[in-house]
Amino acid sequence: MSAIVRDRSYSPMIVLRVDRDYYGSSQELAVHRDVRRGEAIRSRAYQGEEVFFTPPKVPKQHRILAYDRFGSPTYMKSSEVLPADLHIIEKFA
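Keep in mind the model is a prediction, meaning the values are calculated, not measured.

Engineer: What am I meant to see in the pattern of salt bridges here?
Structural biologist: Pairs can form between side chains of opposite charge whenever their charged atoms are close. Per the stated rule, a full pass over the model turns up three salt bridges. Between Asp85 and Arg6 there is a salt bridge, and its shortest N-O distance comes to 3.1 Å. Remark: Arg6 occurs in strand E1 (residues 3-6) and Asp85 occurs in the loop between strand E6 (73-77) and helix H1 (86-92); sequence separation between them is 79 residues. Look at Asp85 and you get buried, because its relative accessible area is 7%. Taking the relative accessible area as the measure of exposure, Arg6 reaches 32% and is therefore partly exposed. Between Asp19 and Arg17 there is a salt bridge whose closest N-O contact spans 3.3 Å. Asp19 gets classed as buried once you look at its relative accessible area, which sits at 18%. One salt-bridge network, in which partners are shared between bridges, spans Arg17, Asp19 and Arg63.

Engineer: I keep staring at the sheet that holds E1 and nothing clicks. Help me out?
Structural biologist: With antiparallel pairing, four strands are arranged side by side in an open sheet as E1-E2-E5-E6. Of all strands in the sheet, those with a lone pairing partner are E1 and E6, marking the two edges. Recorded for the sheet is a direction-independent mean angle of 45° between the axes of neighbouring strands.

Engineer: Hey, could you run me through the nonpolar core in this one?
Structural biologist: For soluble globular proteins, the rule of thumb is that nonpolar side chains tend to be buried together. In terms of nonpolar packing, the biggest core is built from nine residues, these being Val5, Met13, Val15, Val18, Ile64, Ala66, Met76, Val81 and Ile89. When contributions to this core are tallied by element, the ones reaching two or more residues are strand E2 (12-23) and strand E5 (61-67). No other element matches E2, which puts three residues into this core.

Engineer: Mind showing me how you'd approach the side chain of Arg63 here?
Structural biologist: Here Arg63 lies in strand E5. Side chain to side chain, Arg63 and Asp19 meet in a polar contact 2.8 Å long. Polar side-chain contacts of Arg63 include one of 3.2 Å to the side chain of Tyr22. Those residues within four positions of Arg63 in sequence are excluded, and the remaining contacts are Arg17, Val18, Asp19, Tyr22, Tyr23, Tyr75 and Met76.

Engineer: What is the right way to read the packing of aromatic side chains from this model?
Structural biologist: What characterises a pair of aromatic rings is the spacing of the ring centres plus the angle enclosed by the ring planes. Under the definition given, this model contains one aromatic pair. Ring centres of Tyr22 and Tyr23 lie 5.0 Å apart, and the angle between their planes is 85°; this geometry places the pair in the edge-to-face category. Classification of Tyr23 as partly exposed rests on a relative accessible area of 26%. Here the guanidinium or amino end of Arg63 rests over the ring plane of Tyr22, the centre of that ring lying 4.0 Å away. Directly above the aromatic system of Tyr23 lies the positively charged group of Lys77, at a separation of 5.0 Å from the ring centroid.

What counts and how
- The numbers attached to residues start from 1 for each chain and follow its sequence in the written order.
- Reporting of local features is limited, given that this is a predicted model, to residues whose pLDDT is at least 70; pairs of side-chain atoms are given and counted only at 80 or more, and all residues count toward the totals for whole chains, interfaces and linings.
- Processing note: side-chain calculations cover all non-hydrogen atoms of the structure and skip hydrogens and water entirely.
- By salt bridge we mean one thing: a side-chain nitrogen of Lys or Arg within 4 Å of a carboxyl oxygen of Asp or Glu.
- For helices the rule is a DSSP run of H or I covering at least 4 residues; for strands it is a run of E covering at least 2, with both sets numbered from the N terminus onward.
- Only protein chains enter the accessibility calculation, which uses a 1.4 Å probe; a residue whose area is less than 20% of its type maximum is buried, one above 50% is exposed, and one in between is partly exposed.
- When DSSP finds two or more bridges between two strands, those strands count as paired.
- Fitting a line to C-alpha atoms yields each axis, with helices limited to the stretch in contact; the angle taken between N-to-C directions then spans 0 to 180 degrees.
- As used in this record, nonpolar core signifies buried Ala, Val, Leu, Ile, Met, Phe, Trp, Tyr and Cys residues forming a set joined through side-chain atoms within 4.5 Å.
- We define a polar contact as two N or O atoms separated by no more than 3.5 Å, with the added condition that, inside protein, one atom must be a possible hydrogen donor and the other a possible acceptor, whereas residues neighbouring each other in sequence contribute only through side-chain atom pairs.
- We call two residues in contact when some of their heavy atoms are within 4.5 Å.
- A pair of Phe, Tyr and Trp rings is counted when the ring centres sit within 6.5 Å of each other, with Trp represented by its six-membered ring. The angle between the planes then sorts it: under 30 degrees is stacked, over 60 is edge-to-face, the rest tilted.
- Counting as a charge over the ring demands two things of the Lys NZ or Arg CZ atom: a distance within 6 Å of the ring centre and an angle within 35 degrees of the ring normal.

This is the structure we're talking about:
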């Protein structure tokens, strides 16, 4: 089964496979303090600090294997697909 989607330049692509949630993470580790640039992060650096998990800055994205307009297979992120075509990727995955 394959589907046709368009990338950000409106070029049609034939989707071969979708790897769900390949890029990104579900949570990030955050420290409640000001960290200066170039400061090393060590395990003892968190002593007395509040450490907690936060939602990620970059959400999870799917990895899509598709034939591009030149006929060669290529991998792309789901953020590179037109937003109007994302529902096709969700059904395909």
